[in-house]
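Take a look at the letters that make up each chain.
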Amino acid sequence: MLAIGRTSVKIAPIDPGLPEVATLLEQSDRYMAALYPAESNHLESVTDLSQPNVTLFGCFVDGALAGCSAVKLLEDDEMRYGEIKRLFVASAYRRRGISNALMEKVEQYLVERGVQAARLEVGISQPEALSLYRNRGYVKRTPFGRYRHDPLSAFMEKKLLPGPVTR
């Protein structure tokens, strides 16, 4: 358990079907829809987040779900990687380091499973997210997996373990 000031913070895997997850994802969907057209939003549904290769982490602040992040275990480019999806913190809990703590947890989870790299797609109109990822060591790369070039997207990657990482 982490502590931010006098606040208790716990990050743990959670069930994507929980009602409070649906509420948080709806907030995320509205936020993303205000920034990007539908064809540039690559949002995972509760069904997507419930797949066996996906783990959803929730960040609880004094027992309330404040944020979440998911990771999908995938393989292409002849390597295993984790794709980070759905990182979102409710507005009342922003600027407390929760996004960074969620990223730390996801990366730790991947390292424990022997995954070589973490990858993500992020919209270019999210300077806070781009800064977070750069500060955590993510670098730009080409589209990966099912993604294609999109002028509103940035694709990033961080090497976690020794092994081939493609750019």
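Visitor: Looking at this structure, I do not really get the pairing of strand β5 (residues 79-89). What am I missing?
Guide: Note on strand geometry: in a regular strand, side chains alternate between the two faces of the sheet. With nine of 11 residues buried, β5 is to be regarded as a mostly interior element. Across nine bridges, the pairing between strand β4 (residues 64-76) and β5 is antiparallel. Bridge assignment links Lys72 to a residue of β5, and that residue is Glu83. Taken together, β4 and the strand that follows it, β5, pair antiparallel across an intervening segment of two residues, in which Asp77 is found at a positive phi of about 55°. For β5 and strand β6 (residues 117-123), the ladder comprises four bridges, and the chain directions are parallel. Residue pairing in the sheet places Tyr81 in a bridge with Ala117 of β6. Viewed along the sheet, the connection from β5 through helix α3 (residues 98-112) into β6 turns out right-handed.

Visitor: How do you make sense of helix α4 (residues 127-135) when you look at a structure like this?
Guide: Helical geometry: 3.6 residues make up each α-helical turn, so side chains three or four residues apart lie on a common side. Buried within α4 we find Ala129, Leu130, Leu132 and Tyr133. For α4, the buried positions fall inside an angular range of 160° around the axis, keeping them on one side. In α4, those exposed residues whose orientation departs by more than 90 degrees from the buried face are Glu128 and Asn135. Residues of α4 that are buried make contact with β5, α3, β6 and β8 (153-159).

Visitor: Is there a simple way to think about helix α1 (residues 19-35) in this case?
Guide: Taking 1.5 Å per residue as the helical rise, α1 with its 17 residues ought to reach 24 Å, and the 25 Å between its terminal C-alpha atoms agrees with that figure. Regarding α1, the residues found buried are Val21, Leu24, Leu25, Ser28 and Met32. One side of α1 holds all its buried residues, which, seen down the axis, span an arc of 95°. Looking at α1, the residues exposed on the side facing more than 90 degrees away from the buried face are Pro19, Arg30, Ala33 and Ala34. Turning to α1, the residues buried within the fold contact α2 (46-49), β3 (54-61), β4 and β5.

Visitor: What's the story with the nonpolar core in this structure? I'm lost.
Guide: Soluble globular proteins tend to bury their nonpolar side chains together. Core analysis: the largest hydrophobic core is formed by 42 residues, its most contacted members being Ile98, Leu110, Leu120, Val122, Tyr133 and Tyr138. A total of seven residues in this core trace back to one element, the largest contributor, which is α3. Once residues within four sequence positions are removed from consideration, Tyr138 is found in contact with Ile84, Met103, Glu107, Ala118, Leu120, Tyr133, Met156, Glu157 and Lys158. Listed in part, the six residues of the second largest apolar core include Met79, Tyr81, Ala117 and Phe144.

Visitor: Can you help me understand unusual backbone geometry in this one?
Guide: Both trends apply: most residues other than glycine have a negative phi, and most peptide bonds are in trans. Even without a glycine there, the phi angle at Arg86 is positive, about 60°. Position of Arg86 among the secondary structure elements: in strand β5. Given the relative accessible area of 10%, Arg86 is considered buried. Even without being a glycine, Arg95 presents a positive backbone phi close to 65°. One can find Arg95 in the loop between β5 and α3. Residue classification places Arg95 among the exposed residues on the basis of a relative accessible area of 80%.

What counts and what doesn't
- Residues numbered from 1 in each chain as written.
- Predicted model: local features only at pLDDT ≥ 70, side-chain atom pairs only at ≥ 80, totals over all residues.
- Heavy atoms only, no water.
- Buried < 20%, exposed > 50% of the residue type's maximum accessible area, 1.4 Å probe, protein only.
- Helix = DSSP H or I, 4+ residues; strand = E, 2+ residues; numbered from the N terminus.
- Pairing = 2+ DSSP bridges.
- Right-handed = clockwise from strand over helix to strand, strands pointing away.
- Arc of directions from axis to C-beta.
- Contact = heavy atoms within 4.5 Å.
- Expected span 1.5 Å × (residues − 1).
- Core = buried A, V, L, I, M, F, W, Y, C linked by side-chain atoms within 4.5 Å.

That is the geometry; function is a separate question.
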